[in-house]
Amino acid sequence: MLGCHSSRGKKNKLGLIVLSCSLLTTGFESIAASASKAQLDTEKKQTLAPAELTLPKDDKYDWIQLSSLEMLKGTLNYLYEEKVEFKSKEFGTLSIDWEDILQLNTSHVVSVGLIDFTTQTGQLTLRNNQIEINNRQYPRSDVLTIITGNDSESNYWSTKITLGADFYSGNTDQVDYSAIAYTRRRTTESRFNTTYLGNYSRTDDEATINNHRLNSNFDWFISPKFYLRPIFGEVYKDPFLNYDYKITLGSGIGYNIIDTSKTEWKVSGGPAFVYTRFDEVEAGEDKYNSSPAAVLETDFDTKLTDIIDFNALYRIQYGSDDSGGYTHHVLTGFSINLTQYFDLDLSFVWDRVTDPQADSDGIIPKKDDFQFIVGLGISI
């Protein structure tokens, strides 16, 4: 009995050993298989690594590779405010974030504006976050603008015009017109802006709204963020606010708080001089007024979706009571992209004058004017 029991114990021990060895072997095989698979995955990733891919060299087309490893051929139109416009051979005109472009080869000459405000012209290559042009290399972050062709004046200008109109006929004959226009010239070292906002309304052959506002400024960059504004100005006309015309001239400084491919936010301001000619005045009152003032402005623009932009401009001006006192101008709204050149623009305007001047009848205009504009925008 004892011997038989001992033999069974040995067999049990042997079985346990065999089972343990089997489990260990299976475990090692599993670990080895996992390691082998991991190595294959690593090798596959290395094979597909962006740095290992090479864009074609082409005498006819530009080539880009996106961060998704997709490659496109076509024509590079420009890089401006961190946005690349690329006309694809197959997909038409595309707007691509500069940060989403992994590699780039141009077949033709481009002009590259750099962060030190110099310009290089030649064929461009982007690879491994370095650009090469004229056998010189620069960090990708040094690039501010790229335009097709040589450094020509026409490449620096852009314009957008938004027009709106309403017509009524019947018991009341009424016509409403509105227009908003922007013109900008932008280089690596300077920026020139002009904005026009005008409204006209006529009811039964009598004008009920007739105001026009023209703003312009010139900025000179002393760094990517800071800029000098040697001159800015505004001409405003609104007889219903008793302004035959109001002219503001000044100079100041500005700062780009945010300047990315999707969002731009800047602030500026400085001292100014205001000259006002009133449309009508009470007996014994001066028809002209001049005074110093201070102007502060903030401009915000962001891309909410691929087709919807939001923008907001807020400008305040502190002057003498005779010139209107504290005034502000708000222009904000949405721009909905319809096609490459046409947008549906929805704009809200709020103008406030804290100390409006009485006309010849002693009537004081209201302090606030509000307006909602629906228009078709055309980009040039």
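Every residue gets a number counted from 1 within its own chain, in the order that chain's sequence is written. Totals for whole chains, interfaces and linings use every residue, but because this is a predicted model, local features are given only for residues with pLDDT of at least 70 and side-chain atom pairs only at 80 or more, for both listing and counting. To obtain the side-chain values, all non-hydrogen atoms of the structure were included, while hydrogens and water were left out.

**Q** Kindly report on a negative patch on the surface, identifying the contributing residues and their values.
**A** Surface patches are defined over residues having more than 30% relative accessible area and no salt bridge, joining like charges when they lie within 9 Å and nonpolar side chains (Val, Leu, Ile, Met, Phe, Trp, Tyr) when within 5 Å. Accessible areas in this description were obtained via Shrake-Rupley with a 1.4 Å probe; residue shielding takes into account the shown protein chains only. Just to be clear on terms, a salt bridge is a Lys or Arg side-chain nitrogen sitting within 4 Å of an Asp or Glu carboxyl oxygen. Charged residues are defined narrowly, with Lys and Arg counted positive, Asp and Glu counted negative, and His plus the chain ends left uncounted. Charged side chains are reduced to one point each, which is NZ for Lys, CZ for Arg, CG for Asp and CD for Glu. Residues Glu280, Glu282, Glu285, Asp286, Asp321, Asp322 and Asp361 make up a contiguous surface patch of negative charge. You can see Asp286 is positioned in the loop between strand E18 (263-278) and strand E19 (288-303). Judged by its relative accessible area of 60%, Asp286 is exposed. Numbered from the N terminus, helices here are DSSP runs of H or I no shorter than four residues, and strands are runs of E no shorter than two. To sort residues, take the accessible area from a 1.4 Å probe on protein chains only and compare it with the maximum for the residue type: under 20% means buried, over 50% means exposed, and anything in between is partly exposed.

**Q** Could you give me a rundown of the pairing of E18, with the residues and numbers involved?
**A** Pairing between strands requires that DSSP locate at least two bridges from one strand to the other. The sheet contact formed by strand E17 (residues 243-259) and E18 spans 13 bridges and is antiparallel. For Ile247, the partnering residue across the bridge sits in E18 and is Tyr275. Bridging between E18 and E19 involves 15 bridges; their strand directions are antiparallel. Within E19, the residue paired with Thr276 across the bridge is Asn289.

**Q** Can you tell me about the pairing of strand E9 (residues 130-133), naming the residues and giving the values?
**A** Because side chains alternate across E9, one face comprises the buried residues Ile131 and Ile133, and the other comprises Gln130 and Glu132, none of which is buried. Taken together, the four bridges between strand E8 (residues 124-127) and E9 define a ladder with antiparallel strand orientation. Each bridged residue has a counterpart across the sheet, and for Arg127 the counterpart in E9 is Gln130. Between the end of E8 and the start of E9, which pair antiparallel, lie two residues, with Asn128 showing a positive phi angle near 55°. Sheet analysis places E9 next to strand E10 (residues 136-139), joined by four bridges and oriented antiparallel. Bridge pairing in E10 links Ile133 to Arg136. Between E9 and E10, which pair antiparallel and follow one another directly, the connecting turn spans two residues, one of which, Asn134, has a positive phi of 55°.

**Q** Could you give an account of the sheet that holds strand E15 (residues 206-221), with specific residues and numbers?
**A** Pairing in this closed barrel of twelve strands is antiparallel, and the strands run E12-E13-E14-E15-E16-E17-E18-E19-E20-E21-E22-E23 around the ring. Taking each pair of neighbouring strands and ignoring which way they run, the sheet shows an average axis angle of 20°. The pairing of strand E14 (residues 190-203) with E15 spans 14 bridges and is antiparallel. Opposite Ser190, over in E15, you have Trp220 as the bridge partner. Here an axis means a line fitted to C-alpha atoms, over the contact stretch when the element is a helix, while the angle between two N-to-C directions is reported on a 0 to 180 degree scale.

**Q** How would you summarise the side chain of Lys266 if you had to cite specific residues and measurements?
**A** Inspection of the secondary structure puts Lys266 in strand E18. Counted as a polar contact is a pair of N or O atoms within 3.5 Å, where, for protein atoms, one must be capable of donating a hydrogen and the other of accepting one, and residues adjacent in sequence contribute only when both atoms are in side chains. At 3.5 Å, the side chain of Lys266 forms a polar contact with the side chain of Glu264. Sequence-distant contacts of Lys266, that is, excluding residues within four places in its chain, are made with Arg184, Arg191, Tyr227, Tyr255, Asn256, Ile257, Glu297, Thr298 and Asp299. By the convention used here, residues are in contact when the closest approach between their heavy atoms is within 4.5 Å.

**Q** Tell me what's going on with unusual backbone geometry, and back it up with residues and numbers.
**A** The phi torsion at Leu69 lies on the positive side, around 75°, for a residue other than glycine. Structurally, Leu69 is set in the loop between strand E1 (62-66) and strand E2 (71-80). The class of Leu69 is partly exposed, set by a relative accessible area of 32%.

**Q** Before we move on, can you summarise the pattern of salt bridges with the specific residues and values?
**A** Pairs can form between side chains of opposite charge once their charged atoms are near each other. In the structure shown here, the tally under the stated rule is 18 salt bridges. Between Lys160 and Asp343 there is a salt bridge whose closest N-O contact spans 3.0 Å. Taken together, the residues span a long stretch of sequence, with Lys160 in strand E12 (residues 157-168) and Asp343 in strand E22 (residues 342-353) at a distance of 183 residues. An identical accessibility class is assigned to Lys160 and Asp343; each is buried. Here Asp299 and Lys266 are joined by a salt bridge, their closest N and O atoms 3.5 Å apart. With Asp299 in strand E19 and Lys266 in strand E18, this residue pair connects regions lying 33 residues apart in the sequence. Classification of Lys266 by relative accessible area gives buried; the value is 7%. Put simply, Arg191, Arg213, Asp219, Arg229, Glu234, Glu264, Lys266, Glu297, Asp299, Arg315 and Asp351 are held in one network by salt bridges that share partners.

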